[in-house]
Amino acid sequence: MFKKKARSAEAPPHLGIMRELELVGIEDLSDHGHLRYYPKGALMLDLLIDYLLDQVLEEGACPVKSSIMYSLSAKPVKEHAKLFGERMYQLKVDKKRYVLRYAACFGQFSILKDAIISYRCLPLKIFELADSYRLEQSGEISGLFRQRRFYMGDLHVLCRDLESAKQEFLRLYAKAYKIAGEFGWNYVAMFNLCRSFYEDNKDFIVKLAKVSAKPVLLNLGVPEGKYYWVINIDLDFIDNLGRPVESVGMQIDLGNAKRFGIEYIDENGKKKHPIIIHAALMGSLERWLNNILENAAKQKKIGKLPSLPLWLSPIQIRLLPIASRHINKALELADQFEASRIRVDIDDREISLQRKIRHARREWIPIYAVIGDREILSNKLSVSIRGEKEYINKEMSPKQLANFVLKKCAGKPFRKSYVQKRISLRPVFA
Ligand SMILES: [Zn+2]
């Protein structure tokens, strides 16, 4: 009894939310820490992927797709396994041993080692969003906080020298910070570096620290030459248990170009190893979802309505026909909203309007609109918009409502709904 109580007191709130909103579950037919995404969660994940892809394309990155497994008889893979071996999934196929990718680096480095790269191509940006596999300790696995399988986008930037790497790194770091701001949360920044790198590059470190306009944690205790990187920055979100959630990771890497045999040809025709920046601008997308849900729970704690950003909400408008004779009008309106690239559903169940409203609120539906005789006659909808503390009621024409949603989601990616339009036809996943 005591044990159960102690554990529930420690459970981060996102675990309950991911179930209640039918987003994510634990895959019991797989290993620990492997998640399943229900349609609404899959949509949110895909929208985050679209968002990240937009960000890196804006940077001029070239996306690639690589393999999930790498041979342990390949030298760079073997060397990497020596460092992180105990946290890598290994498997045997036709008497050969392989590891599952730990991050998206291997595949991209392998492509780059075979590429002919002139100094004119630099800085060269390459990107993959890869499902990655890490054997985290089973006791540390927790919902969207830590898994053994996760999606992570890793942008690599090949730079000709340290000076250009520093410039790129500073710009990308500012970008990572801006992205976090768009989601409305504050980060704690942690800079890990060797003392010698700090001494030689103080101006650069100060410029980096100024990006966040608040104190950063500086760890100068990194042993010289131990890692492939000389500086590693983490941006941490603080969850409802007060735990830092590492959500962005960036490094300047001096070792891997040589290890993997990645070269560029300089102005004099000489082959050189580039410096590589790693930038996981949104960390693992599970962590990002974790932060979105934990952030919503923080709002609830201070008496606000928890909510999702409108562009990420699996359903943006719910139509509530009062009686079955209003369903046809709801279907007609739903078609119009969908044509405007808005995700809409219809609560066509034979339950009272009060219950329909209660369900919409419980599911964090950002906007619902009642459709009855009066609304059909006037062509005005009785709209309720999820505000900070309460739903706000408004009369709006369908066109006004569509414009309101589109304006709020401007510049963000859109996907069609992943669930049935009529709620009566939907299975219950969780
Ligand atoms: Zn990387």
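In this convention, every chain numbers its residues from 1, walking through the sequence in written order. Where totals are concerned, whole chains, interfaces and linings use all residues; where local detail is concerned, this predicted model gives features only for residues with pLDDT of at least 70, and gives and counts side-chain atom pairs only at 80 or more. By convention in this description, side-chain values take in all heavy atoms of the structure and omit both hydrogens and water.

Let's shift gears to the pairing of strand β7 (residues 124-133). For each residue, the accessible area found with a 1.4 Å probe, counting protein chains only, is set against the maximum for its type, and the residue is called buried under 20%, exposed over 50%, and partly exposed in between. Numbering of helices and strands runs from the N terminus; a helix is a DSSP stretch of H or I covering at least four residues, while a strand is a stretch of E covering at least two. Burial analysis of β7 places ten of its ten residues in the buried class, the great majority of the element. Here β7 shows two buried faces, one formed by L124, I126, E128, A130 and S132 and the other by K125, F127, L129, D131 and Y133. Strand pairing follows a simple DSSP-based rule, namely that at least 2 bridges must link the two strands. With two bridges connecting them, strand β3 (residues 62-63) and β7 associate as parallel partners. By the bridge assignment for β7, C62 is matched with I126. Where β7 and strand β8 (residues 149-159) come together, ten bridges link them in antiparallel fashion. The partner of A130 across the bridge, within β8, is M152.

Tetrahedral coordination by four donors puts the ideal angle at the metal at 109.5 degrees, and octahedral coordination by six puts it at 90 or 180 degrees. For the zinc ion, the full set of protein donor atoms is C105 (SG), D154 (OD), H156 (NE2) and H278 (ND1), at a range of 2.0 to 2.2 Å. Any N, O or S atom lying within 2.8 Å of the metal counts as a donor, with the limit raised to 3.2 Å for Na, K and Ca; because water is left out of the atom set, some sites can appear incomplete. Geometry assignment treats four donors as tetrahedral when all angles are between 85 and 135 degrees, treats four as square planar and six as octahedral when opposite donors are over 155 degrees apart and all others between 65 and 115, and treats everything else as irregular. Taken together, the four donor atoms surrounding the zinc ion define angles of 97 to 142° at the centre, an arrangement classified as irregular. Spacing between the donor residues of the zinc ion along the chain follows C-x48-D-x1-H-x121-H. Taken together, the residues span a long stretch of sequence, with C105 in helix α5 (residues 105-113) and D154 in strand β8 at a distance of 49 residues. Of the two residues examined, C105 and D154, each falls in the buried class.

By disulfide we mean two sulfur atoms from cysteines, separated by a distance within 2.5 Å. All chains considered together, the criterion is met by zero disulfides. Of all cysteine sulfurs in the structure, the one in C121 sits closest to C62, which takes part in no disulfide; the separation is 9.6 Å. C121 gets classed as partly exposed once you look at its relative accessible area, which sits at 36%.

Moving on, we come to the domain arrangement of the protein chain. For each domain, the first and last residues come from an automatic or database assignment. Here the domain parsing of the protein chain yields domain 1 (2-66 + 101-299) and domain 2 (310-425). Averaged C-alpha coordinates put domain 1 and domain 2 at centres separated by 36 Å. Listed per partner, the contact involves 18 residues of domain 1 and 15 residues of domain 2. Throughout, the accessible surface (probe 1.4 Å) given up by two parts as they are put together, summed over both, is called the buried area. In terms of surface lost to domain 2, no three residues of domain 1 exceed K40, L43 and L47, which account for 38% of the buried area on that side. When a carboxyl oxygen of Asp or Glu lies within 4 Å of a side-chain nitrogen of Lys or Arg, that pair is called a salt bridge. At the junction of domain 1 and domain 2, the tally comes to four salt bridges. Between E182 and K412 there is a salt bridge whose closest N-O contact spans 3.4 Å. Whether two residues are in contact is decided by their heavy atoms: any pair within 4.5 Å suffices.

On to the side chain of E375, then. Within the fold, E375 resides in helix α13 (residues 373-378). Whenever two N or O atoms come within 3.5 Å, that pair is a polar contact, provided that in protein one can donate a hydrogen and the other can accept it, and provided that, for residues adjacent in sequence, both atoms are side-chain atoms. Within the structure, the side chain of E375 is placed 2.9 Å from the backbone nitrogen of G372, a separation counted as a polar contact. At a separation of 2.7 Å, a polar atom in the side chain of E375 contacts the side chain of S382. If we ignore the near neighbours within four places in the chain, the residues touching E375 are V370, K380, L381 and S382.

The next subject is the nonpolar core. Here, nonpolar core means buried Ala, Val, Leu, Ile, Met, Phe, Trp, Tyr and Cys residues that are tied together by side-chain atoms lying within 4.5 Å of each other. Within the largest apolar cluster, 91 residues are counted, with the highest numbers of intra-cluster contacts made by L48, F183, I231, W288, L319 and F337. With residues up to four places along the chain from it excluded, the contact list for W288 reads L48, I179, A180, F183, W185, Y187, S247, V248, L281 and M282.

A separate point is the packing of helix α6 (residues 162-183) against helix α8 (residues 202-211). Structural elements are reduced to axes, namely lines fitted to C-alpha atoms, with helices fitted over the stretch in contact, and the angle between N-to-C directions of any two is expressed from 0 to 180 degrees. Running from N to C, α6 and α8 point in directions that differ by 15°, and their axes come no closer than 9 Å. Between α6 and α8, the interaxial angle falls into the category roughly parallel. The interaxial crossing formed by α6 with α8 has right-handed handedness. On α8, the residues that touch K166, F169, L170, Y173, A174 and Y177 of α6 are F204, K207, L208 and V211. Put simply, Ala, Val, Leu, Ile, Met, Phe, Trp, Tyr, Cys and Pro go in the nonpolar bin, Asp, Glu, Lys and Arg in the charged bin, and everything else, Gly too, in the polar bin. Of the residues contributing to the contact of α6 with α8, the split by class is eight nonpolar, no polar and two charged. Just so you know how the angles are binned, under 35 degrees is roughly parallel, over 145 roughly antiparallel, 65 to 115 roughly perpendicular, and the rest oblique. Rotating anticlockwise by less than a right angle from the far helix to the near helix defines a left-handed crossing, while the corresponding clockwise rotation defines a right-handed one.

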